[in-house]
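Report on the structure
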Amino acid sequence: MENIDLLTRHGLFDAQVPRYTSYPTAPIFSQDVGAAFQSVAIAALDPAEPVSVYIHIPFCERLCWFCACRTQGTRTLSPVEQYIETVKQELKQMAALLPDGVRMGRLHWGGGTPTILPPALIHDLAQAAKATFPPAEDFEFSVEIDPILVDDAKIAALASEGMNRASIGIQDFSPDVQAAIGREQPFEATQTCVQSLRAAGITSLNADLVYGLPHQNAAKITDTVQKVLALNPDRIALFGYAHVPHMAKRQKLIKEETLPSDIDRFVLSTLAADLFCKAGYQAIGTDHFAKPDDELAQAAARGDLRRNFQGYTTDTCSTLIGVGASSISRFAQGYVQNAAATGAYTQRIHDGDLSGFRGHELTVEDKLRARVIEMLMCNFEIDDAELAETYGTLAASLDVTHAQVLVKFDGVTKRGPNGLMVLPEGRALVRIIAQLYDGYSDTKAFFSKAS
Ligand SMILES: C[S@@+](CC[C@H](N)C(=O)[O-])C[C@H]1O[C@@H](n2cnc3c(N)ncnc32)[C@H](O)[C@@H]1O
Ligand code: SF4
């Protein structure tokens, strides 16, 4: 309770803040940066540095009411087949621009539901991606998997294409919570999926959970955590439910009076986090947990943890190429987002152009602020020496902000041996603290609850 009072005083339960999966955040992107910028950045890639590739599959068979992901429902495969043809064309258009020798270090398929693809389309898409971006020697391939929409044949196809990491959506195992979010998922079906993935040789498994869902309480989240522990994942992501019905219209089906209060959300997240830590997982950043021998935990211990659009990662590639509708690419020069609606994306690709339509060109100051925010989100600590080495005297321009943070967040921050630190009791406030380093935070964009 003492900690809740402290966090309340610092505004945890009033704030709406970005999740800082990028800086600047997507709402400030403008249409000044688009396909032309994307083409120049792709053509300028350095073949000596592998790139990461993200492919978005914006289709699901079921449309869960709680979900804020960019996706559309389909009962037939024909829109999916047409979409994969467009993605293949986009990859060819990229191949025409790429310098020789660029290799793919990592490939991630997200959605939506990539496992809506039948085996033939899985092979087709994976081969097209590898034809454009030949895999590097230590290539890693991760896929988001809906345990209800996958079978052994799909898992075998993914594994034969090199999938070595899988992320499964769980959210909550309580039947009444599942009913209230429009997502039925028996424990047994999830367990079968996990067994099939392990039998196919997938050694790295992540489970997605969400706290703050309708009807969730301490007993139900405890039961969910115990069931998740029985599945023995290597990593767990525990996201706070973002209720944004004006953006994700299907969330209107969720009755707001069934949602836990802000303080109850916090209690639920703390309870689940404690249970994972007691079971031997290590807390990573703001919302992940990993076994101590998992690479994510090891990267965190070394101070090498990174943050990208998927959350926390060990991926240190500076270039991420986003493929498919709504995907965002990150280049050294800046961000570019593809057209978000599948129709607009398809039209642009069929017109022979790349599909970038909004983005942001990074200034040196943006890069400095991005790195500070990433340090806070990953390590809860700013490394002044690294900033001075990379940004020289510009790093000192943030001294005023450091001083303001230390005053405003007195008691939960301090000046440590390397630079400003967020103390363990203040870690829940880190996104609010990070926002003070955000040069665009006046933007009237809507973000999710800080708690
Ligand atoms: C693309 S989905 C998962 C893959 C797959 N389609 C499935 O349902 O299992 C990615 C994850 O985003 C998270 N997510 C979606 N909507 C959310 C929301 N409104 N608030 C918090 N997390 C959300 C969920 O944990 C979900 O598993
Ligand atoms: S949670 Fe997964 S299956 Fe459900 S709507 Fe979102 S992306 Fe689709």
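Criteria and thresholds
Residues numbered from 1 in each chain as written. Chains lettered and ligands numbered in written order. Predicted model: local features only at pLDDT ≥ 70, side-chain atom pairs only at ≥ 80, totals over all residues. Heavy atoms only, no water. Helix = DSSP H or I, 4+ residues; strand = E, 2+ residues; numbered from the N terminus. Rg over C-alpha atoms; globule rule 2.2 N^0.38 Å. Buried < 20%, exposed > 50% of the residue type's maximum accessible area, 1.4 Å probe, protein only. Contact = heavy atoms within 4.5 Å. Areas by Shrake-Rupley, 256 points an atom, 1.4 Å probe, with all protein chains shown as cover. Lys, Arg positive; Asp, Glu negative; His and termini not counted. Charge placed at Lys NZ, Arg CZ, Asp CG, Glu CD. Near = heavy atom within 4 Å. Polar contact = N/O pair within 3.5 Å; in protein donor to acceptor, adjacent residues only side chain to side chain. Nonpolar A, V, L, I, M, F, W, Y, C, P; charged D, E, K, R; others polar. Salt bridge = Lys/Arg side-chain N within 4 Å of Asp/Glu carboxyl O. Domains from an automatic or database assignment. Buried area = accessible area lost by both parts, 1.4 Å probe. Core = buried A, V, L, I, M, F, W, Y, C linked by side-chain atoms within 4.5 Å. Expected span 1.5 Å × (residues − 1). Arc of directions from axis to C-beta. Pairing = 2+ DSSP bridges. Right-handed = clockwise from strand over helix to strand, strands pointing away. Phe/Tyr/Trp six-rings, centres within 6.5 Å; stacked < 30°, edge-to-face > 60°.

Let's shift gears to the overall build of the chain. Helix and strand counts for the chain come out as 15 helices and 20 strands. Its C-alpha atoms give the chain a radius of gyration of 21 Å, near enough to 22 Å, the size a compact globule of 451 residues would have. When the backbone C-alpha atoms are referred to their principal axes, the chain occupies close to 55 × 55 × 40 Å. Across the 451 residues of the chain, 57% fall into the buried class. A fraction of 74% describes how many contacts in the chain between residues 6 or more apart in sequence connect residues 24 or more apart. Carbon together with sulfur atoms contributes 52% to the accessible area of the chain, which is approximately 18,800 Å² in total. Both charge centroids of the chain, one from 40 positive and one from 54 negative side chains, sit 3 Å from each other.

Around ligand 1, 20 residues are found, and the nearest of them are F66, Q171, R183, D208 and A242. With respect to ligand 1, the side chain of Q171 contributes an N or O atom lying 2.7 Å from an oxygen atom. A distance of 3.3 Å is found between a nitrogen atom of ligand 1 and a side-chain nitrogen or oxygen belonging to Q251. In isolation ligand 1 has 570 Å² of accessible area, and contact with the protein removes 90% of it.

Turning our attention to the site of ligand 2. By nearness alone, every residue bordering ligand 2 is listed as C60, R62, L63, C64, F66, C67, G112, T113, D146 and R183. Split by residue class, the shell around ligand 2 holds five nonpolar, two polar and three charged.

The next point concerns the pattern of salt bridges. Scanning the model with the defined rule gives 16 salt bridges in all. The residue R106 makes a salt bridge to D315 at a minimum N-O spacing of 4.0 Å. Highlighted residues: R106 in strand β5 (residues 104-111) and D315 in the loop between β13 (311-313) and β14 (320-323), separated in sequence by 209 residues. By relative accessible area, which is 21% here, R106 ends up partly exposed. Taking the shortest distance from any N to any O, the salt bridge between E365 and R369 comes out at 2.7 Å. Taken together, the positions of E365 and R369, both in helix α12 (residues 364-379) and four residues apart, correspond to about one turn of that helix. Ionic contacts of the salt-bridge type, sharing partners, join the residues R106, E140, R165, E295 and D315 into one network.

With that settled, consider the domain arrangement of the chain. The domain boundaries assigned to the chain delineate domain 1 (1-27 + 363-440) and domain 2 (28-322). Here domain 1 and domain 2 have C-alpha centroids that lie 26 Å from each other. Contact with domain 1, which involves 22 residues of that partner, is made by 17 residues of domain 2. Taking both sides of the interface into account, the surface hidden between domain 1 and domain 2 amounts to around 1,800 Å²; carbon and sulfur atoms contribute 62%.

A few words now on the nonpolar core. Grouped together as the largest cluster of nonpolar side chains are 75 residues, with contacts concentrated most on I55, W109, L117, L197 and I321. Excluding residues that lie within four positions of it along the chain, L197 makes contacts with I145, I155, M163, A166, I168, I202 and L205. Counting 43 residues, the second-largest nonpolar core is a separate cluster that includes V372, I373, C378 and V405.

By secondary structure assignment, the location of Y23 is in the loop between β1 (16-17) and α2 (35-43). Each C-alpha atom of the pair Y23 and T270 lies 27 Å from the other, and the pair is 247 residues apart in sequence. Those residues in contact with Y23 that lie beyond four places of it in its chain are Y335, L362, D366, R369, A370, I373, Y437, D438, G439 and Y440. A polar contact is formed between the side chain of Y23 and the backbone nitrogen of G439, at a distance of 2.8 Å.

Here helix α9 (residues 262-278) is 17 residues long and its end C-alpha atoms lie 24 Å apart, about the 24 Å a rise of 1.5 Å per residue gives. When α9 is considered as a whole, its buried residues turn out to be R265, F266, L268, S269, A272, A273 and F276. Taken end-on, α9 shows its buried residues confined to a sector of 160°, consistent with a single buried face. A positive backbone phi angle near 105° is found at G280, which sits one or two residues after α9.

Turning our attention to the pairing of strand β6 (residues 135-145). Pairing analysis gives five bridges linking β5 to β6, with the strands arranged parallel. The partner of W109 across the bridge, within β6, is V143. Chirality of the crossover, the property in question, places the unit of β5, helix α4 (residues 119-132) and β6 among those that are right-handed. Bridging between β6 and strand β7 (residues 163-171) involves five bridges; their strand directions are parallel. If you follow S142 over to β7, its bridge partner there is R165.

Let's shift gears to the packing of aromatic side chains. Under the defined criterion, the tally for this structure stands at 11 aromatic pairs. Ring plane angle 75° and centroid distance 5.5 Å describe the contact between F59 and Y83, whose orientation is recorded as edge-to-face. One end of the pair, F59, is in strand β3 (residues 59-60); the other, Y83, is in helix α3 (residues 78-97), with 24 residues separating them in the sequence. Across this residue pair, the class does not change: F59 and Y83 are buried. Among the aromatic residues, those joined into a cluster by ring pairs are F29, F309 and Y335.

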